[in-house]
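# Fold and geometry: a report
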Amino acid sequence: MAYRVLQWATGHVGRQAVRGVIAHPELELVGCWVHSDEKAGRDVGAICGIDPLGVLATCDVEALLALDADCVIYAPLLPNTEEVVRILESGKNVVTPLGWFYPAHVSTREAVEAACRKGRVTLHGTGLHPGGITERIPLLISNLTRRVRHVRAEEFSDIRAYRAELVVREIMQFGKPPAAAAASPMLELLGGGFGQSIDMIADALGFRLDPERKTRHEMAVARAPIDTPVGRLEKGTVAAQRFTWQGTVGGDPVITVRVNWLMGERDLDPPWTFGPKRERFEIEVDGEPSLALTLHGLHPRDIADDPDENPGITATAMHCVNAVPYVCRAEPGIKTYLDLPFTCGRAAAVRR
């Protein structure tokens, strides 16, 4: 029998998750939560731009949690711990790209673990960066080497492809004065997720990290006004950002996680570029032998492409969807990549 799935929210990731669930031979979509009255009552397929599915979206949390379902793919814009606890206590497993990748030092861990025990279910945090490329792939290739000295996971992305204006301008601080961006909580907010990645790598490989992480926030500003999909960035405002987090041993970096977000490559001061490899993710494990991977294909081919077809968003959603059967079979509690079996995708259906 298929595992019965509820989709929680239908933003970009949620819509791709719905497509993934209906394509997965072990899964069945049985319900969907939406936050707006405009979407409530509509067929989920119509919301997601596909054929009708016979499943109607709802804003009614009580009705949704009363459904017979095995797992919730939890993908709103921001996580709500009380909401996650409520879902878990209702007896439904949760897979989410919004944290809990490796929450050894997260304040909400005890409450979530208690909810898992009460509902006899599992929570698994996954995603892309963090949540996949940052820790899962480095740990995978570390198996091919010895005496690991340093691990690096780094993103290079053209942020013009991300058209959520509120997020890009008000949360990520693009188009703001450098002083405002420097004072924003972005380094800390992002560090909550990437810090879990660093902890997972350190514990898995055996690094005994110093108590404090090294962090750095660098910026490039617009030399002239830059027109973007989320509006004009005025001269002198933030047009590119680089965030770095490092786990150290005796003050020396042993794990480095970094994001490079640029609003294109024109009119930046200093003149940052993506380099000849363009948009990508890089993973390096410095050991014997040293190994390096460059991943392409997770960025849009063009910034004008439909955001719903963004490969990185699809990959984030599918990392959640493909984990569902494994999570449903797991013992209760918060389970990370270090706890679950190796997860993988499924073959395309073959027409005979």
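Look up: the structure comes first, before these words.
The structure reproduced in this document is the subject of the present report. Just so it is clear, the model here is predicted, and its values are computed rather than measured.

Summing up its helical and strand segments, the protein has 11 helices and 16 strands in all. Relative to the compact-globule value of 20 Å for 352 residues, the protein shows a C-alpha radius of gyration of 21 Å, a close match. Along the three orthogonal principal directions, the C-alpha set of the protein runs to about 55 × 45 × 45 Å. The buried share of the protein, taken over its 352 residues, is 53%. When the accessible surface of the protein is split by element, carbon and sulfur atoms take 51% of a total near 16,500 Å². Of the charged side chains in the protein, 39 are positive and 45 negative; the average position of the first set lies 4 Å away from that of the second.

This brings us to the environment of Ala182. When you line up the elements, Ala182 lands in helix 8 (residues 178-183). Once the C-alpha coordinates of Ala182 and Tyr337 are considered, the two residues, 155 residues apart in sequence, prove to be 33 Å apart. Apart from residues no more than four positions distant in its own chain, Ala182 is found in contact with His217 and Met219.

Pairing is mixed in the open sheet, where seven strands are placed in the order 13-8-11-12-7-14-15. This sheet does not close on itself; its edge strands, each paired only once, are strand 13 (268-269) and strand 15 (291-295). Here strand 8 (residues 214-222) pairs with strand 13 via two bridges, running antiparallel. Bridge assignment links Ala222 to a residue of strand 13, and that residue is Leu268. Strands in contact with helix 9 (residues 186-205) are strand 7 (146-158), strand 8, strand 11 (238-249) and strand 12 (252-262); relative to strand 11, the strand with the most contacts, it is inclined by about 35°.

This part is about the pattern of salt bridges. Evaluated as defined, the whole model comprises 24 salt bridges. In this structure, the salt-bridge partner of Arg280 is Glu282, at a minimum N-O distance of 2.8 Å. As far as the burial class goes, Arg280 and Glu282 line up, both buried. Through salt bridges with shared partners, a single network forms among Arg152, Glu154, Arg258, Arg280, Glu282 and Glu284.

The rules behind each value
- Residues numbered from 1 in each chain as written.
- Predicted model: local features only at pLDDT ≥ 70, side-chain atom pairs only at ≥ 80, totals over all residues.
- Heavy atoms only, no water.
- Helix = DSSP H or I, 4+ residues; strand = E, 2+ residues; numbered from the N terminus.
- Rg over C-alpha atoms; globule rule 2.2 N^0.38 Å.
- Buried < 20%, exposed > 50% of the residue type's maximum accessible area, 1.4 Å probe, protein only.
- Areas by Shrake-Rupley, 256 points an atom, 1.4 Å probe, with all protein chains shown as cover.
- Lys, Arg positive; Asp, Glu negative; His and termini not counted.
- Charge placed at Lys NZ, Arg CZ, Asp CG, Glu CD.
- Contact = heavy atoms within 4.5 Å.
- Pairing = 2+ DSSP bridges.
- Axes fitted to C-alpha atoms, helices over the stretch in contact; angles between N-to-C directions.
- Salt bridge = Lys/Arg side-chain N within 4 Å of Asp/Glu carboxyl O.

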